[in-house]
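Structural overview
Now for the letters of each chain:
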Amino acid sequence: MHLGLIGYGNIAATLLKILDAQGQLPARVSVLARPGRAEAARAAFAFPVEIFEEVADFLAARPDYVVEAATHAAVKGPVLETLRAGVPVLVVSIGALADADTEAAIREAATAGKTQAHLSNGAVGGIDMLAAARLSGIDSVAYTSRKPPQAWAGTPADGLLDLAALTEATTFYEGTARQAATDYPKNANVAATIALAGAGWQATTVRMVADPSVSANIHEFTVRSGALDFTVTLEGKPSPDNPKTSVSTVYALARAVLNQTSPLTL
């Protein structure tokens, strides 16, 4: 496989380490970095990679499969160009699709390129059953994100709570998945995933909690549907380099990449 990466942060670097540990490091890796950041991108990886600063050059290298591990801006830019070029993209920054115009643009670009945008399930599980339940008719989907206070640092929660002084679990957000993904772009990818797989942006309710009694990023959602009712709870261990991200997110990406070349997939 010739793997393309949009972004060179913790997620992208860890992904290659996981693939290497599985004995499945791609034969070739191309990385798209921001202009002027080639050296920083090269230093981020423990493996030989090709660095490109322009989307046209990145696509001219002809990657087979691209993983977006950057930002919402990347989804609205390089991801669209990659899809229009006919290359499938695994999207990590799913919260970007909370913007209706961006979601429509992703669909248009994939259609034009006769390819697909694959939305990573990231840190959450049970998405297969949620998507199946949607076909039977969904009555309600409620999602709660419970994280240690420090995981909410640098978000709007900082202005609502004294995160360092919290002594008990405190709910600081209740609303729709669309608003959650818009206001908390670095923390609400799970809310976006659940919304897209299930009841939609407006019908999916979200609650965010800062809880000093937990050390994990806890994701829980409850579904009521025509086919089945269920609750999924996951305790994701925070990434050592970025507590806002569950390390399981990167393993989910690795699974998706490995499935591209495996003769048997689940």
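In case you missed it, the structure is sitting above this.
Along each chain, numbering runs from 1 in the same order as the chain's sequence is written. Given that the model is predicted, a residue must reach a pLDDT of at least 70 before its local features are reported, and side-chain atom pairs must reach 80 or more before they are shown or counted; all residues, however, enter totals for whole chains, interfaces and linings. Only hydrogens and water are removed before side-chain values are computed, so all heavy atoms of the structure are retained for them.

**Comments concerning the packing of aromatic side chains**
We apply this condition: Classification of ring pairs rests on two measures: the distance between centres of Phe, Tyr or Trp rings, Trp counted by its six-membered ring, which must be within 6.5 Å, and the angle between planes, read as stacked under 30 degrees, edge-to-face over 60 and tilted in between. A positively charged side chain is recorded as over a ring if its NZ (Lys) or CZ (Arg) lies within 6 Å of the ring centre. The angle to the ring normal must also be within 35 degrees.
Following the criterion strictly, the structure yields 6 aromatic pairs and no others. Aromatic side chains F52 and F58 sit 6.5 Å apart centroid to centroid with 65° between the ring planes, which places their arrangement in the edge-to-face category. Here a set of aromatic residues connected by ring pairs shows up, and it is made of W152, F172, Y173 and Y184. Over the ring of W152 we find K147, and its NZ or CZ is 5.2 Å from the ring centre.

**Description of the packing of helix α1 (residues 10-21) against helix α11 (residues 248-259)**
How we decide: All axes are obtained by fitting lines to C-alpha atoms, using only the stretch in contact for helices, and the reported angles, taken between N-to-C directions, cover 0 to 180 degrees. Elements are defined by DSSP. Helices are runs of H or I of four residues or more, strands are runs of E of two residues or more, and each kind is numbered from the N terminus. Should an angle fall under 35 degrees it is taken as roughly parallel, and over 145 as roughly antiparallel, whereas 65 to 115 is taken as roughly perpendicular and any remaining angle as oblique. Each crossing gets its handedness from the near helix: less than a right angle anticlockwise from the far helix is left-handed, clockwise is right-handed. The contact criterion used throughout is that any non-hydrogen atoms of two residues lie within 4.5 Å. Side-chain classes are defined by residue name, with Ala, Val, Leu, Ile, Met, Phe, Trp, Tyr, Cys and Pro counting as nonpolar, Asp, Glu, Lys and Arg as charged, and the others, Gly among them, as polar.
Packing of α1 against α11 leaves a shortest axis separation of 9 Å and a crossing angle of 55°. Our classification of the angle between α1 and α11 gives oblique. The element α1 and its partner α11 pack so that their crossing is right-handed. Across the interface between the two elements, I11, T14, L15, I18 and L19 from α1 touch V250, Y251, L253, A254, V257 and L258 from α11. Looking at the contact of α1 with α11, its residues break down into 10 nonpolar, 1 polar and no charged.

**Some details on the sheet that holds strand β3 (residues 50-52)**
Consider a sheet: its strands pair through backbone hydrogen bonds, and that pairing is either parallel or antiparallel. Selection rule: Should DSSP find at least two bridges between two strands, the strands are regarded as paired.
One open sheet accounts for 6 strands, arranged β3-β2-β1-β4-β5-β6; its pairing is parallel. The open sheet has two edge strands with one neighbour each: β3 and β6 (117-119). Pairwise comparison of adjacent strand axes, ignoring direction, gives a mean angle of 25° for this sheet. In the sheet, strand β2 (residues 28-32) pairs with β3 via 3 bridges, with the strands oriented parallel. Bridge pairing in β3 links S30 to E50. Strand contacts of α1: β1 (2-6), β2 and β4 (65-68), with the helix running at about 155° to β1, the strand carrying the most contacts.

**Observations concerning the pattern of salt bridges**
Under the convention used in this document: Between Lys or Arg on one side and Asp or Glu on the other, a salt bridge is scored when a side-chain nitrogen of the former is within 4 Å of a carboxyl oxygen of the latter. Note on classification: 1.4 Å probe, protein chains only; a residue is buried when its accessible area is under 20% of the maximum for its type, exposed when over 50%, partly exposed between these limits.
If you walk through the whole model with that rule in mind, you get 5 salt bridges. With its nearest N and O atoms 2.5 Å apart, the salt bridge here joins R28 to E50. A residue pair is termed long-range when its members are at least 10 positions apart, and R28 in strand β2 and E50 in strand β3 qualify at 22 residues. On the accessibility criterion, E50 (29% relative accessible area) is partly exposed. Where E108 meets R84, a salt bridge forms, and the shortest distance between an N and an O atom there is 3.4 Å. Of this pair, E108 sits in helix α6 (residues 100-113) while R84 is found in helix α5 (residues 78-84), placing the two residues 24 residues apart along the sequence. Take R84: its relative accessible area is 42%, and that puts it in the partly exposed class.

**Here's the deal with the environment of L166**
Considering the arrangement of structural elements, one finds L166 in the loop between α8 (157-160) and β8 (170-176). For the pair L166 and D211, spaced 45 residues apart in the sequence, the C-alpha separation amounts to 7.8 Å. When near neighbours in sequence (up to four residues on either side) are disregarded, L166 contacts P149, L161, A210 and P212.

**Things to note about unusual backbone geometry**
Note on backbone geometry: most residues besides glycine have negative phi, and most peptide bonds are trans. With a phi close to 60°, R62 is a non-glycine residue in the positive phi region. Positionally, R62 belongs in the loop between α3 (55-60) and β4. With a relative accessible area of 66%, R62 lands in the exposed category. Unusually for a residue other than glycine, K114 sits at a positive phi of about 55°.

**Some points on α11**
Structurally, the α-helix is built with 3.6 residues per turn, so residues lying three or four positions apart point the same way. Going by this rule: A helix is expected to span 1.5 Å for every residue after the first.
The end-to-end C-alpha separation of α11 is 17 Å, in line with the 16 Å expected for 12 residues at 1.5 Å each. All of the buried residues in α11 are T249, V250, A252, L253, A254, A256 and V257.

**Points about the nonpolar core**
Rules: Definition of nonpolar core: a set of buried residues of the types Ala, Val, Leu, Ile, Met, Phe, Trp, Tyr and Cys, connected through side-chain atoms within 4.5 Å. Domain extents, as shown, originate in an automatic or database domain assignment.
One finds L130, F172, I194, M208 and F221 to be the most contacted residues of the largest nonpolar core, which totals 55 residues. Considering each element in turn, this core owes the most residues, 6 residues, to helix α10 (residues 189-197). Looking at this core, you find at least three residues from each of domain 1 (2-122 + 247-260) and domain 2 (127-236). Setting aside anything within four residues of it in sequence, one finds I194 in contact with V124, I127, L130, V141, Y143, A199, T204 and F221. One finds V31, A33, F45 and I51 within the second-largest nonpolar core, a separate group that totals 29 residues.

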